[in-house]
Amino acid sequence: MGSIREELVSKMTEREYDFEVAMLLGALKSFKQSSLVNPFPKYFVENGERKHQKLTEAAEGLPSASQLFSQEPLLIEEETQQVLKHIIDHANIKEVPVIPSEYSAPELVPQLVFEVSETCPAKRKEFAEVSENYEVLKGFHGSALCNWYCISKGGLRNFSGTKRESHGSLFGEGIYLSHTLRQNLCERNGDRELVRP
């Protein structure tokens, strides 16, 4: 267990680990888990079939951030270790400083902000090249916690006009972002815990 633990602790902070686990568990506990747990850990695929229940049980055995980041010895089951390896291999979340002046009202300043980075080097390079010619802006996108695992690992996807569209297209087809957090709070019925920039 030492090497997995050491690798994870070297790659992320306690809060980043906690957020990765929350996103994974949110997706696993959703009725849409078959499409939301993507990428799916290969260890939990048997004969081409995804073993959601087996993965859920292993993920529920994940140690808390305080346990994992302490110096106390831990005994973690093999399947749960495989979930930890998956988290390490797909970690792309970094906590960034909260800058209150970036938010439109004091009551909307979040406690935590995480930045999702592209894991594909070719896409990172393409973004860097394109962004040289355009201003890069922050945008907020409101979505339920169960969606954030898939969003953080694969990006926002346009499902307008497909069976996976969930909220219509009031302003036309596309992915909706807002320059203010307030707009996303309205769209998510005031559920601040479900809004992520």
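What you are looking at is a predicted structure, and each value in this text was computed from that prediction instead of being measured. (Residues numbered from 1 in each chain as written. Predicted model: local features only at pLDDT ≥ 70, side-chain atom pairs only at ≥ 80, totals over all residues. Heavy atoms only, no water.)

A. Geometry of the overall build of the chain. Across its full length, the chain carries nine helices and six strands. Within the chain, contacts between residues at least 6 apart in sequence are counted, and of these 66% link residues at least 24 apart. When the accessible surface of the chain is summed, it comes to about 12,400 Å², and 51% of that surface belongs to carbon and sulfur atoms. (Helix = DSSP H or I, 4+ residues; strand = E, 2+ residues; numbered from the N terminus. Contact = heavy atoms within 4.5 Å. Areas by Shrake-Rupley, 256 points an atom, 1.4 Å probe, with all protein chains shown as cover.)

B. Structural view of the packing of aromatic side chains. The tally for this structure, following the rule as stated, stands at three aromatic pairs. Ring centres of Phe19 and Phe114 lie 4.3 Å apart, and the angle between their planes is 10°; this geometry places the pair in the stacked category. With Phe19 in helix α2 (residues 14–28) and Phe114 in strand β4 (residues 113–116), the pair connects residues that are 95 residues apart, well separated along the chain. The same class applies to Phe19 as to Phe114, namely buried. Taking 5.0 Å as the distance between ring centres and 75° as the angle between the ring planes, the aromatic pair formed by Tyr43 and Phe44 counts as edge-to-face. Classification of Phe44 by relative accessible area gives buried; the value is 0%. (Phe/Tyr/Trp six-rings, centres within 6.5 Å; stacked < 30°, edge-to-face > 60°. Buried < 20%, exposed > 50% of the residue type's maximum accessible area, 1.4 Å probe, protein only.)

C. Structural context of the environment of Val21. Along the polypeptide, Val21 turns up in helix α2. We classify Val21 as buried; its relative accessible area is 10%. As for Val21 and Val83, which are separated by 62 residues in sequence, their C-alpha atoms are 9.6 Å apart. Not counting residues within four places of it along the chain, the set of residues in contact with Val21 comprises Leu62 and Ile87.

D. Molecular detail of the packing of α2 against helix α8 (residues 145–154). Axis separation between α2 and α8 bottoms out at 6 Å; the angle between their running directions is 115°. The two elements α2 and α8 cross, and the hand of that crossing is left-handed. On α8, the residues touching Glu20, Ala22, Met23, Leu24, Gly26 and Ala27 of α2 are Leu145, Cys146, Trp148, Tyr149, Ser152 and Lys153. Grouping the constituent residues of the contact of α2 with α8 by class yields eight nonpolar, two polar and two charged. (Axes fitted to C-alpha atoms, helices over the stretch in contact; angles between N-to-C directions. Left-handed = near helix turned anticlockwise from the far one by under 90°. Nonpolar A, V, L, I, M, F, W, Y, C, P; charged D, E, K, R; others polar.)

E. Structural view of the pattern of salt bridges. Scanning the entire structure with this criterion turns up eight salt bridges. The salt bridge partner of Glu46 is Lys54, with a shortest N-O separation of 2.6 Å. According to the relative accessible area criterion, Glu46 is partly exposed, its value standing at 31%. The shortest N-O distance in the salt bridge between Lys51 and Glu49 comes to 3.6 Å. By relative accessible area, which is 25% here, Lys51 ends up partly exposed. For Glu49, a relative accessible area of 45% puts it in the partly exposed group. Bridged by salt links that share partners, the residues Glu46, Lys54 and Glu79 form one connected network. (Salt bridge = Lys/Arg side-chain N within 4 Å of Asp/Glu carboxyl O.)

F. Looking closely at the side chain of Ser30. Note that Ser30 resides in the loop between α2 and α3 (33–36). The buried category is assigned to Ser30, whose relative accessible area is 10%. Excluding anything up to four places from it in sequence, Ser30 contacts Leu36 and Cys146.

G. Molecular detail of helix α6 (residues 78–89). In this model, α6 (12 residues) spans 16 Å end to end at C-alpha, consistent with the 16 Å of a helix rising 1.5 Å per residue. Considered for burial, the residues of α6 that qualify are Thr80, Gln81, Gln82, Val83, Leu84, His86, Ile87 and Ile88. (Expected span 1.5 Å × (residues − 1).)

H. Main features of the packing of α2 against helix α4 (residues 52–60). In contact at an axis separation of 10 Å, α2 and α4 are set at 145° when each is read in the N-to-C sense. Considering only the axes of α2 and α4, their crossing is left-handed. Contacts between α2 and α4 involve Leu24, Leu25 and Leu28 from the former and His52, Leu55, Thr56, Ala59 and Glu60 from the latter. Looking at the contact of α2 with α4 residue by residue, the class counts come to five nonpolar, two polar and one charged.

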